[in-house]
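# Overview (structure and organization)
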Amino acid sequence: MKKFTLLVVFIFSFFSCEHPKEITTFYLIRHAEKDRSNPSDRNPNLTEEGENRAANWAKYFSDIELDAVYSTNYNRTLQTAKPTAESKNLEIKKYDPRTLYNLEFESETDNKSVLIVGHSNTTPVFANMILKRHNDTLRKNTFSYMDDKDNASLYIVTITKQGTEKSVNAEIVKVGN
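For the structure given in this document, a descriptive report is provided here. These numbers were taken from a predicted model, which means no experiment stands behind them.

Below, the discussion takes up the sheet that holds strand S1 (residues 21–30). Overall, mixed pairing links the six strands, which are arranged S3-S2-S4-S1-S5-S6 in an open sheet. Bordering the open sheet on either side are strand S3 (92–94) and strand S6 (165–174), each of which pairs with just one other strand. Ignoring strand direction, the axes of neighbouring strands in this sheet form an average angle of 20°. Summarising the sheet, S1 and strand S4 (residues 113–118) pair through six bridges and their orientation is parallel. Bridge assignment links Arg-30 to a residue of S4, and that residue is Gly-118.

What follows is the structure, given as structure tokens:
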């Protein structure tokens, strides 16, 4: 009888155990202010204002744990990502904005907290791709294109998994002006 009681307690304990939460958080920003003095320069550096904003992003993320920092391979995005990556002792991982959210990236970032630095035409697209991948019922884009002068928007996409349950949340936060 004792063995049967122990077995029942074990089975009840096993099935009543709560599954741990797995949380993946994506922080997506556009590069800081770029030098617009030469319209034919396709790879400009940041302006002084842009460098200050990049430093302010590092301050913003100072109390947020990051596992990785991603950037496209352009001067302005790398320069925006650099202060945050350095403050976290992380290497900047480069991504191709044409492939965006693929299975390799999804696997690499699962259950992690990552910063992704992109462009006005890729940041909302990237956020929408993440949302659609994790929400089967989502048909329309959640985020529209960014204004070309918007360097202050932070897109936050959080995926929480617990057992077979999954929730996806998204928001835009203005950081600075």
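Before going further, it helps to spend a moment on the environment of Thr-122. Within the fold, Thr-122 resides in the loop between S4 and helix H5 (123–134). A sequence separation of 25 residues divides Thr-122 from Pro-97, and the C-alpha atoms of the two residues are 6.6 Å apart. Apart from the residues lying within four places of it in its own chain, the contact partners of Thr-122 are Tyr-95 and Pro-97.

Let's shift gears to unusual backbone geometry. In this structure, Asn-89 is a non-glycine residue whose phi angle is positive, near 55°. Residue position: Asn-89 is located in the loop between helix H3 (75–87) and S3. Backbone geometry at Leu-100 places phi at a positive 40°, although glycine is not the residue there. Tracing the backbone through its elements, the reader meets Leu-100 in the loop between S3 and helix H4 (103–109). We classify Leu-100 as buried; its relative accessible area is 9%.

Below, the discussion takes up the pairing of S4. In terms of burial, S4 is a largely internal element, six of the six residues being buried. Side chains of S4 alternate between two faces, with Ser-113, Leu-115 and Val-117 and Val-114, Ile-116 and Gly-118 buried alike. One ladder, built from four bridges, connects strand S2 (residues 68–71) with S4; its direction is parallel. Of the residues in S4, the one forming a bridge with Tyr-70 is Ile-116.

The next thing to look at is the packing of helix H2 (residues 48–60) against H3. At their nearest, the axes of H2 and H3 sit 8 Å apart, and the two run at 35° to each other. Classified by chirality, the crossing of H3 by H2 is right-handed. When H2 is examined against H3, the residues Ala-54, Ala-55, Trp-57 and Ala-58 are found in contact with a partner set consisting of Gln-79, Thr-80, Pro-83, Thr-84 and Ser-87. When its residues are assigned to classes, the contact of H2 with H3 shows five nonpolar, four polar and no charged.

The rules behind each value
- Residues numbered from 1 in each chain as written.
- Predicted model: local features only at pLDDT ≥ 70, side-chain atom pairs only at ≥ 80, totals over all residues.
- Heavy atoms only, no water.
- Pairing = 2+ DSSP bridges.
- Helix = DSSP H or I, 4+ residues; strand = E, 2+ residues; numbered from the N terminus.
- Axes fitted to C-alpha atoms, helices over the stretch in contact; angles between N-to-C directions.
- Contact = heavy atoms within 4.5 Å.
- Buried < 20%, exposed > 50% of the residue type's maximum accessible area, 1.4 Å probe, protein only.
- Left-handed = near helix turned anticlockwise from the far one by under 90°.
- Nonpolar A, V, L, I, M, F, W, Y, C, P; charged D, E, K, R; others polar.

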